[in-house]
Amino acid sequence: MRGMALDVSVGAGALAEVAAQLLRLLPVRAHQPALAGVLLRADAEGLELAGSDGEAWARVRVPATAHTDGEAVVSRRALADTVATLDAPQLRLCTEGSRLAVRTERARFALPTLDLDTFPRPPQAPAPQGVLAGADWRAAAAVAGAASREDALPLFTAVRMRSAGAVVSMLATDRFRLAAARPAWRAEPGAELDVLIPAALVAELGRQAGRAAEVGLHAEDGRFALSWPGWTVGTASLAVAFPDRQLDQLLATQAEATVRVDADELAAAVARAAHYAGPRGAVTLELGDGELTVRSSDPLAGESSETLKADLLGDRLTRQYQARYLLDALRPFAGRQARLEIQSALRPTAFTAASPDPAVDLRYLVVPLRPADPTDRP
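The name given to the chain in an unreviewed UniProt entry is DNA polymerase III subunit beta, with Catellatospora coxensis as the source organism. As stated in UniProt under Subcellular location (unreviewed entry), the record for the chain gives "Cytoplasm". Comment text from UniProt for the chain, heading Sequence similarities (unreviewed entry), reads "Belongs to the beta sliding clamp family."

Student: In this structure, what is going on with helix 2 (residues 76-84)? I would like to understand it.
Tutor: One full turn of an α-helix is made of 3.6 residues, so residues set three or four places apart face in the same direction. Among the residues of helix 2, R76, L79, A80, T82 and V83 are the ones counted as buried. Relative to the axis of helix 2, the buried residues are bounded by an arc of 165° and lie together on one face. For helix 2, the side-chain oxygen to backbone nitrogen distance between the N-cap and R77 is 3.3 Å, and the N-cap itself is S75.

Student: What's the story with the pattern of salt bridges in this structure? I'm lost.
Tutor: Working definition: two side chains of opposite charge can pair if their charged atoms are close together. In the structure shown here, the tally under the stated rule is 19 salt bridges. R41 is the partner of E48 in a salt bridge, and the nearest nitrogen-oxygen pair spans 3.4 Å. On the basis of relative accessibility, which here comes to 10%, the residue E48 falls in the buried class. On the accessibility criterion, R41 (22% relative accessible area) is partly exposed. Put simply, E341 and R363 hold a salt bridge, and the shortest N to O gap is 3.4 Å. Residue E341 is found in strand 25 (residues 337-342), and its partner R363 is found in strand 27 (residues 363-366); the two are separated by 22 residues along the sequence. Via salt bridges that share partners, R41, D43, E48, R59 and R61 belong to a single interconnected network.

Student: Help me understand the packing of helix 6 (residues 263-273) against helix 7 (residues 323-330) in this model?
Tutor: What describes two packed helices is the angle between their axes and the distance between those same axes. It is at 10 Å that the axes of helix 6 and helix 7 come closest, and there the two elements cross at 160°. As summarised for this structure, helix 6 and helix 7 are arranged roughly antiparallel, according to the angle between their axes. Where helix 6 crosses over helix 7, the two elements pack in a sense that is left-handed. Residues A263, L266, A267, V270 and A271 of helix 6 form the contact with helix 7, whose own contacting residues are A323, L326, L327 and L330. Split into classes, the residues belonging to the contact of helix 6 with helix 7 amount to 9 nonpolar, no polar and no charged.

Student: How do you make sense of the environment of T253 when you look at a structure like this?
Tutor: Relative to the helices and strands, T253 resides in the loop between helix 5 (244-250) and strand 19 (257-262). Residues T253 and T349 lie 96 residues apart in sequence; the distance between their C-alpha atoms is 8.2 Å. Residues within four places of T253 in sequence aside, it is in contact with E341, Q343, A350 and R363. A distance of 3.3 Å separates polar atoms of two side chains, one belonging to T253 and the other to R363.

Student: I tried to follow the sheet that holds strand 8 (residues 99-103) on my own but got confused; where do I start?
Tutor: The strands that make up a sheet pair up through hydrogen bonds in the backbone, lying either parallel or antiparallel. Strand order in the open sheet formed by 5 strands is 5-1-7-8-9, with antiparallel pairing between adjacent strands. If you trace the sheet from one side to the other, it starts and ends with strand 5 (64-68) and strand 9 (108-112), each paired once. Ignoring strand direction, the axes of neighbouring strands in this sheet form an average angle of 20°. Across 5 bridges, strand 7 (residues 90-96) lies against strand 8 in antiparallel orientation.

Student: How do you make sense of helix 1 (residues 12-25) when you look at a structure like this?
Tutor: The terminal C-alpha atoms of helix 1 lie 20 Å apart, and with 14 residues this matches the ideal 20 Å at 1.5 Å per residue to within 8%. Taken together, the buried positions of helix 1 are A12, L15, A16, V18, A19, Q21, L22, L23 and L25.

Student: What should I look at first to understand the sheet that holds strand 22 (residues 302-309) in this one?
Tutor: Judged by pairing direction, the sheet is antiparallel, and its 4 strands sit side by side in the order 22-21-20-24 without closing on themselves. Taken across any chain shown, the strands that pair with only one partner, and hence form the sheet edges, are strand 22 and strand 24 (318-322). With strand direction ignored, the average angle separating the axes of adjacent strands in the sheet is 20°. The sheet contact formed by strand 21 (residues 291-298) and strand 22 spans 8 bridges and is antiparallel. Paired with E291 across the two strands is K309, which belongs to strand 22.

Student: Is there a simple way to explain the UniProt feature "domain: DNA polymerase III beta sliding clamp C-terminal" (unreviewed entry) in the chain in this structure?
Tutor: In this numbering, the UniProt entry assigns the feature "domain: DNA polymerase III beta sliding clamp C-terminal" (unreviewed entry) to residues 249-368. Across residues 249-368, the secondary structure splits into 18% helix and 44% strand, with the terminal C-alpha atoms separated by 18 Å.

Student: Help me understand the environment of P243, please; the structure alone is not making it clear to me.
Tutor: Counting through the fold element by element, P243 comes out in the loop between strand 18 (231-236) and helix 5. Exposure remark for P243: the relative accessible area of 23% places this residue in the partly exposed category. Spatially, the C-alpha atoms of P243 and G46 are 45 Å apart, while their sequence positions differ by 197 residues.

What counts as what
Position numbers for residues count from 1 along each chain, tracking the sequence in the order it is written. Residue-level local features of this predicted model are given only where pLDDT is at least 70; pairs of side-chain atoms are given and counted only at 80 or more, and the full residue set underlies all totals for whole chains, interfaces and linings. Side-chain numbers here rest on the full set of heavy atoms in the structure, without hydrogens or water. UniProt positions are given in the numbering used here, feature names are shortened, and annotations may be inferred rather than shown by experiment. We call a residue buried when its accessible area falls under 20% of the maximum for its residue type, exposed when it is over 50%, and partly exposed in between, using a 1.4 Å probe and counting protein chains only. Where helices and strands are cited, they refer to DSSP runs of H or I of at least four residues and of E of at least two residues respectively, numbered from the N terminus. The arc in question is formed by the directions pointing from the helix axis toward the C-beta atoms. Counting of polar contacts relies on pairs of N or O atoms within 3.5 Å, with two restrictions inside protein: one atom must be capable of donating a hydrogen and the other of accepting it, and residues adjacent in sequence are counted only when both atoms are side-chain atoms. Any carboxyl oxygen of Asp or Glu that lies within 4 Å of a side-chain nitrogen of Lys or Arg is treated as forming a salt bridge with it. Comment: axis = line fitted to C-alpha atoms, over the contacting stretch for helices; angle = value between 0 and 180 degrees taken between N-to-C directions. Angle categories: roughly parallel below 35 degrees, roughly antiparallel above 145, roughly perpendicular from 65 to 115, and oblique for all the rest. Crossings are assigned a handedness: left-handed for a near helix turned anticlockwise from the far helix by less than a right angle, right-handed for a clockwise turn. Whether two residues touch is decided by their heavy atoms; if any such pair falls within 4.5 Å, the residues are in contact. Any residue outside Ala, Val, Leu, Ile, Met, Phe, Trp, Tyr, Cys, Pro, Asp, Glu, Lys and Arg is labelled polar, Gly included; the first ten of those are nonpolar and the last four are charged. DSSP calls a pair of strands paired once it identifies at least 2 bridges connecting them. Under the convention used throughout, the expected extent of a helix is 1.5 Å for every residue step, that is, one less than its residue count.

Next up, the structure:
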């Protein structure tokens, strides 16, 4: 079919949805025009869209009627922008010379086509390794929020994924916080998963694939892919060593105090206190009998103090944290009671669900701030 003219009818809503999802999965940052494109391929099975940004790649198939089997490459962004607002139930896509026409009953739009010969065709999925429930994948993908956003430290911009018997170990850190999850999976015989995946991709896959009933995990020769009905998305594993042993040891917490509190109430209090946190963004949590006080102060911004109901077991401690790190740590536990395990000195505080989901086992660790003044110490 290579080089044959494309002519296909497809539902406008379905095409708009997958074109927008592709753009979120593969943002157009490429310096090479071919890497900003999407391959449209029509055949008896429908319409497939495929693209790559040089690192990640995606394939998605939508129901369609091919009048002529063929293919064409156009800009991902141009396609998404064109079909996003079309008020028509059906579209007809057909190549017309060096253009791809997008037609409705009353309108025609023409997108420049890119060179098929230089388009980097995405690979097929590597070998299947196992299956997770979509809801468990969505919950576990929350660990991506703890990864660094500094490209100068690529090691910490990724999510570490390893198979560990009946679970998949997922971990991310930016050195000041750490999140880990161990979702249960159905492994293929002899399955082995050992990859380091860009956290931004994991976060987006959590939103998109997490809506599916099940997702498949694929890995082979340093490549990883996730599949769910209609979709396959993959990437190369980062080829750097990860400090697994040291980070695993951090997860073995020894709490001096454990507090149970409504995650939404605490997050709301921290968000309010953040307005008074000053340039350090420091918010103080003070544990008391049956209560947790959220404080912040700054000579210019002012001060705040808010007390919440909480269950305390252990010492009455005080710790300071970056407000944004606290909010990130509480977000995965929205709608539930959160448990904070506070350790000695500056060892990280562990955030978990008070009633953990046994299928996921999500933990989030945040390193407290060093007090600005000795009188702030507990």
